[in-house]
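Structure assessment
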Amino acid sequence: MAKYKIFDLIYRQGKNKKLKTQFELCSVNENIDKIRKLENDLTFNIEETVELGVVQSGHRALINSKLREKMISQKEIVENRIEFLTKEKIHLQKLVSNYERKNKKMIEKLNDLKIEEFREKELKKIDRNIFFRKK
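Predicted model only: the values in this text are computed from it and were never measured.

Here we look at the overall build of the protein
Along the backbone of the protein there are two helices and zero strands. At 31 Å, the protein has a C-alpha radius of gyration far larger than the 14 Å of a compact globule built from 135 residues. Every one of the 135 residues in the protein was classed for burial, and the buried ones make up 19%. Relative to all contacts within the protein whose residues are 6 or more apart in sequence, the contacts with residues 24 or more apart total 87%. Accessible surface for the protein amounts to roughly 11,100 Å². Of this, 56% is attributable to carbon and sulfur atoms.

Looking at the side chain of E39
Within the element layout of this structure, E39 appears in helix α1 (residues 2-48). Here E39 occupies a buried position and makes no salt bridge, while the nearest side chain of opposite charge, K75, is found at 5.1 Å. In this view, E39 contacts K75, V78, E79 and I82; residues no more than four positions away in its chain are not counted.

Describing a positive patch on the surface
Taken together, the side chains of K17, R101, K102 and K105 present a region of like positive charge at the surface. Ranked by residue count, the leading element in the positive patch is helix α2 (residues 58-134), at three residues. Among the secondary structure elements, R101 is positioned in helix α2. Residue R101 is classed as partly exposed on the basis of its relative accessible area of 48%.

Some words on the environment of E69
Its location among the elements puts E69 in helix α2. Sequence separation between E69 and I46 is 23 residues; the distance between their C-alpha atoms is 8.7 Å.

Let's talk about the pattern of salt bridges
Counting across every chain of the model gives six salt bridges. Notably, a salt bridge pairs K125 with E122, separated by 3.9 Å at the nearest N-O pair. With a gap of three residues between them, K125 and E122 both fall in helix α2, about one helical turn apart.

Observations regarding a nonpolar patch on the surface
A cluster of nonpolar side chains, contributed by L123, I126 and I130, occupies part of the molecular surface with about 260 Å² of accessible area. With respect to the helices and strands, the residue I130 is situated in helix α2. The class for I130 is partly exposed, based on a relative accessible area of 38%.

Section: the side chain of N103
Here N103 lies in helix α2. Setting aside anything within four residues of it in sequence, one finds N103 in contact with Y11, G14, K15 and K18.

As for the environment of Q13
Within the fold, Q13 resides in helix α1. For the pair formed by Q13 and C26, sequence separation is 13 residues and the distance between their alpha carbons is 20 Å.

Some remarks on the nonpolar core
Counting residues in hydrophobic clusters, the biggest one holds eleven residues: L25, V28, I32, I35, L42, I46, M71, V78, I82, L85 and L92. For this core, the elements supplying multiple residues, two or more each, are α1 and α2. Broken down by element, this core gets its largest block of residues, six residues, from α1. Ignoring sequence-local partners within four residues, the contact set of L25 consists of K89, L92 and Q93. Counting five residues, the second-largest nonpolar core is a separate cluster that includes F7, Y11, L110 and L113.

Rules behind the numbers
- Within every chain, residues take consecutive numbers counted from 1 along the sequence as written.
- For a predicted model such as this one, the threshold for reporting local features is a pLDDT of at least 70, and the threshold for listing and counting side-chain atom pairs is 80 or more; totals across whole chains, interfaces and linings nevertheless cover every residue.
- Only hydrogens and water are set aside; all other atoms, that is, all heavy atoms of the structure, feed into the side-chain values.
- Secondary structure counts use DSSP, requiring at least four H or I residues in a row for a helix and at least two E residues in a row for a strand, with both numbered from the N terminus.
- As defined in this context, the radius of gyration uses C-alpha atoms, and a globule is described by 2.2 Å times the residue total to the power 0.38.
- Buried residues are those whose accessible area, probed at 1.4 Å on protein chains only, stays under 20% of the maximum for their type, while exposed residues exceed 50% and partly exposed ones sit between those limits.
- Whether two residues are in contact is decided by their heavy atoms: any pair within 4.5 Å suffices.
- Where accessible areas are quoted, they stem from the Shrake-Rupley method and a 1.4 Å probe; at the residue level, only the protein chains shown are allowed to cover.
- Positive charges are assigned to Lys and Arg, negative charges to Asp and Glu, while His and the chain termini are left out of the count.
- Salt bridges are defined as contacts in which a side-chain nitrogen from Lys or Arg sits within 4 Å of a carboxyl oxygen from Asp or Glu.
- Nonpolar side chains (Val, Leu, Ile, Met, Phe, Trp, Tyr) within 5 Å and like charges within 9 Å form the patches, drawn only from residues with over 30% relative accessible area and no salt bridge.
- Charged side chains are reduced to one point each, which is NZ for Lys, CZ for Arg, CG for Asp and CD for Glu.
- As used in this record, nonpolar core signifies buried Ala, Val, Leu, Ile, Met, Phe, Trp, Tyr and Cys residues forming a set joined through side-chain atoms within 4.5 Å.

In structure tokens form, the structure reads like this:
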């Protein structure tokens, strides 16, 4: 019975870790979606600073150039962040699959222990019956 409790505790611990990792994975997915939206907005704003066919004053062209430069650097930062979060997402997915495999093994072991315990009980019953019949 002690083995059964130990494996049950290990299974519950693995299940909790899996749920926590899945929650983190959902959070990372939401962050990736938000940052991709930000990247699209930056791309749109960068394109808006380019005014083709419009006569611009020197000051306005300089301001647009600096603004475009800052947005391009922000876009590079956003792209790096997306890359990092994507790698983190892959890592978390691997962790979730590992926890799933471990939990399946624990369930199999628990089932084996239950079957073994049931067999032992049945054998004890049979032994008792045989013992009482001999008397």
